[in-house]
Amino acid sequence: MPLAPYLDRRIETASPRSVQKLQEVQLGKQLNYLFARSVFYQEKFRTARLQRKHFRKLKDIERFPFTTKEELRESQAAHPPLGKHIAADIDDVIRVHSSTGTTGKPSLVGLTRRDSRMWTRLTARSFYTQGARKPDIVIHAAGLTLFVAGLSSKDAIEHIGAMFVPVGTGASEKALMAIQMLKATAMHCTPSYAAYFADWVRRETKMEPRELGLKKLFCGAEPGAGIPAVRAKLQEDWGARVTEGLGNADMAPIIFSECPEQSGMHFNGQEFVLPEIIDPDNGNVLPIETGVSGELVYTSLQRECVPLLRFRTRDRVEVLGTSCPCGRTSFKLRCIGRTDDMLIVLGVNVFPSAVKDVVSSFHPRTTGEIQIVLDQPPPKVTPPMKITAEHAGGVSNLDGLKHEIEQKIKSTLTVAATVTLVPPGTLPRYEMKGQLVKKAY
Ligand SMILES: [Zn+2]
């Protein structure tokens, strides 16, 4: 008998209208809870002169204020340990994770038992969408400890009935041993690690990574696996299908993930999270239609410990579709990068991942590894943008390649760049998240 294509068929194939209806009911309940339990939101609602009766239809959410990461950080600093935005009794918190954040001090995220069950279901649905199934043996070569997608991935993979192998990070020898001993079929890691580990396997074992027999790579925690040229190279290296997922430390470990069609990440949080896409400059809500891009905003629909309303993720996303041959009815998107990483070249926004995309498209003449060298603190970059890129071994006409890459950056990203080509293996490899920019100031 073929394996079921969906973990939760009813909700994953429901009409958008019925999903909205469900979200409307759930959000009403979540707002009742916030008005009753959250001092943080009681204060915000008072300032905005909002009452519970102002929410009747799902669209009324647009009248409610955003929540920012800065607010959560301040709330936690002023009211340790979990902040004024904790809405559950601290005695009911069964686990705490932390989000590392890009700006220093980690912030803590608590879970009640119900929150934990919800994360497990949502994360399991996301892995299932990516193709994780009961016979799979999944090597978890990603963070395990405070990282939100560590223990939550364990719960989710076990929930599916697949085998979870907790290898963690910085342990390539253990990962190799586990893959070989258990005849692993899948690996969960960052795309940077998948690339790093492929090189490591070649160097240490003289084997080709594809000989290890992995069939599925579940990537996440940074953009990359969805970049066509990067994906193509990883798939070629590993002989495996590469899909990516997207979550948020303050909301849930994995909320979007790609089905085997590999054409963008489906929204998997129907009854758990309400997603919005906004214009990051003015906060206006944008329609969720193919081609629309903006900042992703999340509202919790059934959270107890840290329910968040209209939380600005700073993730820039683009909607890739609203239907799919797989039968899922949720929309699909790709994450272009984080607002914090964005560079501005004479008024043009450029995400480092987009530069990597262009350089990677020259594979097999390039390795795909790049570094953008910054002469001044970002986001401002004075043109030409300085890019160091690795050429592959055996490339004869380096001047020609340099010129071609510069031309393609100009035509696709509309910014001037100078490319310095360096031999393969020159740029640093990263075992966790990749660093695409280098400070030279
Ligand atoms: Zn699909």
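The present account deals with the structure reproduced in this document.

Rules used in this analysis
- Residues numbered from 1 in each chain as written.
- Predicted model: local features only at pLDDT ≥ 70, side-chain atom pairs only at ≥ 80, totals over all residues.
- Heavy atoms only, no water.
- Pairing = 2+ DSSP bridges.
- Helix = DSSP H or I, 4+ residues; strand = E, 2+ residues; numbered from the N terminus.
- Salt bridge = Lys/Arg side-chain N within 4 Å of Asp/Glu carboxyl O.
- Buried < 20%, exposed > 50% of the residue type's maximum accessible area, 1.4 Å probe, protein only.
- Right-handed = clockwise from strand over helix to strand, strands pointing away.
- Donors = N, O, S within 2.8 Å, 3.2 Å for Na, K, Ca; no water.
- Tetrahedral: all angles 85-135°; square planar, octahedral: opposite > 155°, others 65-115°.
- Axes fitted to C-alpha atoms, helices over the stretch in contact; angles between N-to-C directions.
- Parallel < 35°, antiparallel > 145°, perpendicular 65-115°, else oblique.
- Left-handed = near helix turned anticlockwise from the far one by under 90°.
- Contact = heavy atoms within 4.5 Å.
- Nonpolar A, V, L, I, M, F, W, Y, C, P; charged D, E, K, R; others polar.

1. Overview of the sheet that holds strand S18 (residues 380-381)
Within a sheet, adjacent strands bond to each other through the backbone by hydrogen bonds, running parallel or antiparallel.
Link 1 in the chain: The sheet built from three strands is open, its strands ordered S16-S15-S18 with mixed pairing. The outermost strands of the open sheet, each flanked by one partner alone, are strand S16 (348-350) and S18.
Link 2 in the chain: Bridge count between strand S15 (residues 343-345) and S18: two bridges; the pairing is parallel. If you follow Ile344 over to S18, its bridge partner there is Lys380.

2. Focus on the pattern of salt bridges
Link 1 in the chain: Enumeration according to the criterion identifies 30 salt bridges in this entry.
Link 2 in the chain: Across the pair Asp199 and Arg202 runs a salt bridge whose closest N-O atoms are separated by 3.8 Å. Taken together, the positions of Asp199 and Arg202, both in helix H8 (residues 191-205) and three residues apart, correspond to about one turn of that helix.
Link 3 in the chain: Residue Arg202 is classed as partly exposed on the basis of its relative accessible area, which comes to 26%.
Link 4 in the chain: In this structure, Asp340 engages Arg314 in a salt bridge whose closest nitrogen and oxygen atoms are separated by 2.9 Å.

3. Some remarks on the pairing of strand S5 (residues 186-189)
When a strand is regular, its side chains alternate between the sheet's two faces.
Link 1 in the chain: Neither face of S5 is open: one carries Ala186 and His188, the other Met187 and Cys189, and all of them are buried.
Link 2 in the chain: Pairing between strand S3 (residues 137-140) and S5: three bridges, direction parallel. What sits directly across from Ile139, in S5, is Met187.
Link 3 in the chain: Where S5 lies against strand S6 (residues 216-219), four bridges are found, and the strand directions are parallel. In the sheet register, Cys189 faces S6, and the bridge partner there is Cys219.
Link 4 in the chain: Read as a crossover between parallel neighbours, the route from S5 over H8 to S6 is right-handed.

4. Structural notes on the coordination of the zinc ion
Link 1 in the chain: Taken together, Cys259 (SG), His266 (NE2), Cys324 (SG) and Cys326 (SG) make up the full set of protein donors to the zinc ion, lying 2.1 to 2.3 Å away.
Link 2 in the chain: Between the four donor atoms coordinating the zinc ion, the angles at the centre fall across 100 to 117°, so the site counts as tetrahedral.
Link 3 in the chain: Spacing between the donor residues of the zinc ion along their common chain follows C-x6-H-x57-C-x1-C.
Link 4 in the chain: A residue is classified by how much of its surface remains accessible, and Cys324, at 12% relative accessible area, is buried.

5. A few points about the environment of Leu320
Link 1 in the chain: Relative to the helices and strands, Leu320 is located in strand S13 (residues 311-321).
Link 2 in the chain: The exposure class assigned to Leu320 is partly exposed, which follows from its relative accessible area of 33%.
Link 3 in the chain: The spatial distance from the C-alpha of Leu320 to the C-alpha of Gly264 is 6.0 Å, given a sequence separation of 56 residues.

6. As for the packing of helix H10 (residues 352-360) against helix H11 (residues 398-413)
Link 1 in the chain: Contact pair H10 / H11: the axes reach a minimum separation of 10 Å and the direction vectors enclose 135°. Regarding the angle of H10 to H11, the classification is oblique. Seen along the crossing, H10 lies across H11 with a hand that is right-handed. Along the contact surface, H10 presents Ala354, Val355, Val358 and Val359, while H11 presents Ile405, Lys408, Ile409, Thr412 and Leu413.
Link 2 in the chain: Its residues placed into classes, the contact of H10 with H11 shows seven nonpolar, one polar and one charged.

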